Amino acid sequence: MAWWLHEGLTVPQTKSYARLLRRIELLGIFVAMLLLSGAVFPLLLSQADGSLTEAARAKLRMIAAPSYVIGLGLVALRPAAVLRGVQHNVLLMTLILLPLASILWSIGPSITLRRAVALTLSMAVAFVFATRFTPRQQLVVLAWVLGGATLLSLVAMAVLPGRALMPEDGALRGVFLHKNVLGWVACLTVVLGLAARLDVSARMRRTGLLLLVAGLAALLLSTSVTSLFAAFAAVVVSRVVLLVARLQGRTRLAVVLGLILLIPLLALLLAVGFGPLLEALGKDPTLTGRVPLWSMIDAEISRHPLLGHGYGVFWTEGNPAVWSIWESQGWQAPNAHNGYRETMLGLGSVGLLLLIALTFRAVAQGVTLCSMAPGEGWILPVLIVCISLILNLSESIFLKQNDLLWLLYSASVISISCRHAALRHPVPEPARIVATAI
């Protein structure tokens, strides 16, 4: 496919060309993820109270545009790798194409089209990151992007406290627009630290300790309860996954079945006991107005339970139903503040079932990879998938266009599925070398 690029080159020149392409990939992925991380730019464009004007939002959409160009350009450099990723991820591709199909039943087709196209274009970065970087390489890149943003947020607290702290409660937001965004990034930094501490390299383990300390410090200073809970869950999940990966035969099967039965029970206990738990911690049991909001959203979901209202269109000023919610609640919620409800609003039960099936498959295959290839760092994508489930309890991250957290979830799913398929159906050595060069 790219044979003509190598025609007439000597072996040293071919190696130099390969190194150049690799540097382009690294730089491109780093820049794209930095642009999509939500760091610095939204804060610089915000007003004194942290809000964004329509003009500022338009500029932020323009900032996201270069990430599309970078993603598509990197896909063009290595199309075969991305095509293999697509081939092994029919479920994910169906989920990504569903927003485009929802134009047919959307209550605002033009808005759905624009946002669905943005979602599709942004996925190019996820596919390149998943198919061209191993989990250990992904860890290094994310340590620079997310770990760097976390450390910069801690520095900003000392250097620019007027910008780095939330105006209303003094919680740390660092270089991000809101403390919750810093909470998500800090939680991911903790996850990176956990994965690095389990690495075979001593240097990586030392880096992991720094990531853990920085992530925990920023997490506590942000006062984000959901992110703190997700970080705690990541610690538990990492231990459970490593335990299951070491088991064999019937013992492993029994433990896996027990976990499958335990997950719904824990979800039920969390749903029932989350309010009292928040009260015990001195937090608002309504999750800052989210619980009353959810009761009204559930009624709207029941109006279009199968396919939803259309992707990304419900929370727009042209929707009469959203005005009744805003007037009733006394504040203009920008989304459902719950990824599962947001998915149901836009894509109905079909979208949510696809998401659930995709997640269960990724976790099951990821645990298998932790057992079959323990030195390759597969605990990282497994943890990213798992904490995404928790972060979406109070925020809407699933299927969000131009959002780094959704891209990391997608990249984790793609990485796991491709490697799992490779281990189950190994490619002959000559064919693998040719495919890697394309």
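In this report, the structure presented in the accompanying data block is examined. All values reported here derive from a predicted model rather than from experimental measurement.

With that settled, the discussion passes to the state of the cysteines. Tallied over the full model, the rule gives 0 disulfides. Left unpaired, Cys370 is separated from the closest cysteine sulfur, that of Cys386, by 9.9 Å.

Moving on, we get to the pattern of salt bridges. Tallied over the full model, the rule gives 8 salt bridges. The shortest N-O distance in the salt bridge between Arg136 and Asp199 comes to 2.8 Å. Of the two residues, Arg136 is situated in helix 8 (residues 135–159) and Asp199 in the loop between helix 10 (179–197) and helix 11 (202–222); the sequence distance between them amounts to 63 residues. Classification of Asp199 as buried rests on a relative accessible area of 7%. A salt bridge links Glu300 to Arg303; the nearest nitrogen and oxygen atoms lie 3.2 Å apart.

Moving on, we get to the environment of Arg57. Within the element layout of this structure, Arg57 appears in helix 4 (residues 54–77). With relative accessibility at 38%, the residue Arg57 sits in the partly exposed group. Put simply, Arg57 and Pro42 are 15 residues apart on the chain and 8.4 Å apart in space, counted from C-alpha to C-alpha.

On to the nonpolar core. Among the nonpolar cores identified, the biggest contains 96 residues, and Ile29, Met33, Phe129, Leu146, Trp406 and Leu408 are the most heavily contacted of them. Counting residues per element, this core draws most heavily on helix 10, which supplies 12 residues. Among residues more than four places away in sequence, those in contact with Leu146 are Val185, Leu188, Thr189, Leu192, Leu404 and Leu408. Ile297, Val322, Trp326 and Ala333 belong to the second-largest nonpolar core, a separate cluster that totals 15 residues.

Analysis parameters
- Residues numbered from 1 in each chain as written.
- Predicted model: local features only at pLDDT ≥ 70, side-chain atom pairs only at ≥ 80, totals over all residues.
- Heavy atoms only, no water.
- Disulfide = S-S within 2.5 Å.
- Salt bridge = Lys/Arg side-chain N within 4 Å of Asp/Glu carboxyl O.
- Helix = DSSP H or I, 4+ residues; strand = E, 2+ residues; numbered from the N terminus.
- Buried < 20%, exposed > 50% of the residue type's maximum accessible area, 1.4 Å probe, protein only.
- Core = buried A, V, L, I, M, F, W, Y, C linked by side-chain atoms within 4.5 Å.
- Contact = heavy atoms within 4.5 Å.

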